[in-house]
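Here is what each chain is made of, one letter per residue.
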Amino acid sequence: MDLGLISVRYARALLKASNLEKQSEQVYADMQTLAAEYVNVPELSVTIANPMLSKQQKEELLITASGNSSSDLTKRFFRLVLKEDRGSIMQFIANSFITLYRKQNNLIRAKLSTAAVLSSDTEAKLRKLVESKTNGSVEFTTAVDSELIGGFLLEYDTYRLDASIKSQLKSILSKLN
């Protein structure tokens, strides 16, 4: 059986259950936290796959990694995954769930990098711009990158809008050479 196929099946089942129990937003938050922890703590996947740990210990570890305030549905799902000896693919399940949830809710991820901290008004205008272009809700991530010198870099879907001074200076320099 294909690892991707298995993880997507589990993620679809979790999404369906979370919709039925009206807990999809909480489960989405749990899966986002868990997926981030898998990235931040690479040892987590090795630990979950370790046959020396009991299923109870693995469950407690997953609950902790998903933010300790996990929904009941998320906890029951962890128990099911571990009961079926699929704990080693939990990272893939979490990422598949996130993808399916975003698709179901027409949720677009956007990243905005600026040279300085933006005002909330400016951020709201850029969010509305992306929402108008995509006809969906936008999950905005902002970051300050002093290397941009000035301006901003906006990325969403497959689009990239680079209005930074750094890129403009590179463009001028390449024209001069």
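Please refer to the structure higher up on the page.
One structure accompanies this document, and this report is about it.

Reading the values: the criteria
- Residues numbered from 1 in each chain as written.
- Predicted model: local features only at pLDDT ≥ 70, side-chain atom pairs only at ≥ 80, totals over all residues.
- Heavy atoms only, no water.
- Core = buried A, V, L, I, M, F, W, Y, C linked by side-chain atoms within 4.5 Å.
- Buried < 20%, exposed > 50% of the residue type's maximum accessible area, 1.4 Å probe, protein only.
- Helix = DSSP H or I, 4+ residues; strand = E, 2+ residues; numbered from the N terminus.
- Contact = heavy atoms within 4.5 Å.
- Phe/Tyr/Trp six-rings, centres within 6.5 Å; stacked < 30°, edge-to-face > 60°.
- Pairing = 2+ DSSP bridges.
- Axes fitted to C-alpha atoms, helices over the stretch in contact; angles between N-to-C directions.
- Parallel < 35°, antiparallel > 145°, perpendicular 65-115°, else oblique.
- Left-handed = near helix turned anticlockwise from the far one by under 90°.
- Nonpolar A, V, L, I, M, F, W, Y, C, P; charged D, E, K, R; others polar.

1. A closer look at the nonpolar core
Alright, step 1. By size, the foremost hydrophobic cluster in this structure holds 29 residues, and its most contacted members are Met31, Leu34, Met90 and Phe97.
Alright, step 2. Residue assignment for this core shows that the elements contributing at least two residues are helix H1 (3-20), helix H2 (24-40), helix H3 (43-49), helix H4 (55-65), helix H5 (72-83) and helix H6 (90-104).
Alright, step 3. Beyond its immediate stretch of four places on either side in the chain, Phe97 contacts Ala11, Leu14, Leu15, Ser18, Ser24, Val27, Tyr28 and Met31.
Alright, step 4. In terms of nonpolar packing, the next biggest core, distinct from the first, is built from 9 residues, Ile108, Val138, Leu154 and Tyr156 among them.

2. So, the packing of aromatic side chains
Alright, step 1. Considering all chains together, one arrives at 4 aromatic pairs under this definition.
Alright, step 2. For the ring pair Tyr10 and Phe77, a centre distance of 6.3 Å and an interplane angle of 70 degrees mean the geometry is edge-to-face. Linking Tyr10 in helix H1 with Phe77 in helix H5, this pair joins segments that are 67 residues apart in sequence.
Alright, step 3. A ring pair is formed by Phe97 and Tyr101, whose centres lie 6.3 Å apart and whose planes are at 25 degrees; its orientation type is stacked. Of this pair, Phe97 and Tyr101 both sit in helix H6, 4 residues apart, which is roughly one turn of the helix.
Alright, step 4. What makes Tyr101 buried here is its relative accessible area of 7%.
Alright, step 5. Chaining the aromatic ring pairs together yields one cluster made of Tyr28, Phe97 and Tyr101.

3. Side note on the sheet that holds strand S4 (residues 159-164)
Alright, step 1. Pairing within the open sheet is mixed, and its 4 strands lie in the order S2-S1-S3-S4. With partners counted over all chains shown, the strands left at the sheet margins are strand S2 (137-144) and S4, one partner each. Across the sheet, the mean angle from the axis of one strand to that of its neighbour is 15 degrees, orientation sign disregarded.
Alright, step 2. Where strand S1 (residues 107-114) meets S2, 8 bridges bridge the pair, whose relative direction is parallel. Residue pairing in the sheet places Leu112 in a bridge with Thr142 of S2.
Alright, step 3. Sheet strands touched by helix H7 (residues 120-134): S1, S2 and strand S3 (151-156). Its angle to S2, the strand with the most contacts, is close to 140 degrees.
Alright, step 4. Packed on one face of the sheet, helix H8 (residues 165-176) meets S3 and S4 and runs near 80 degrees to S4.

4. A look at the packing of H4 against H5
Packed helices, taken two at a time, are described by their axes: the angle between them and the distance between them.
Alright, step 1. Orientation of H4 relative to H5, taken along the N-to-C sense of each, is 140 degrees, at an axis distance of 10 Å. Regarding the angle of H4 to H5, the classification is oblique. Between H4 and H5 the crossing geometry is right-handed. Here Lys55, Lys58, Glu59, Leu62 and Ile63 of H4 lie close against H5, whose contacting residues are Lys75, Phe78, Arg79, Leu82 and Lys83.
Alright, step 2. The residue makeup of the contact of H4 with H5, split by class, is 4 nonpolar, no polar and 6 charged.

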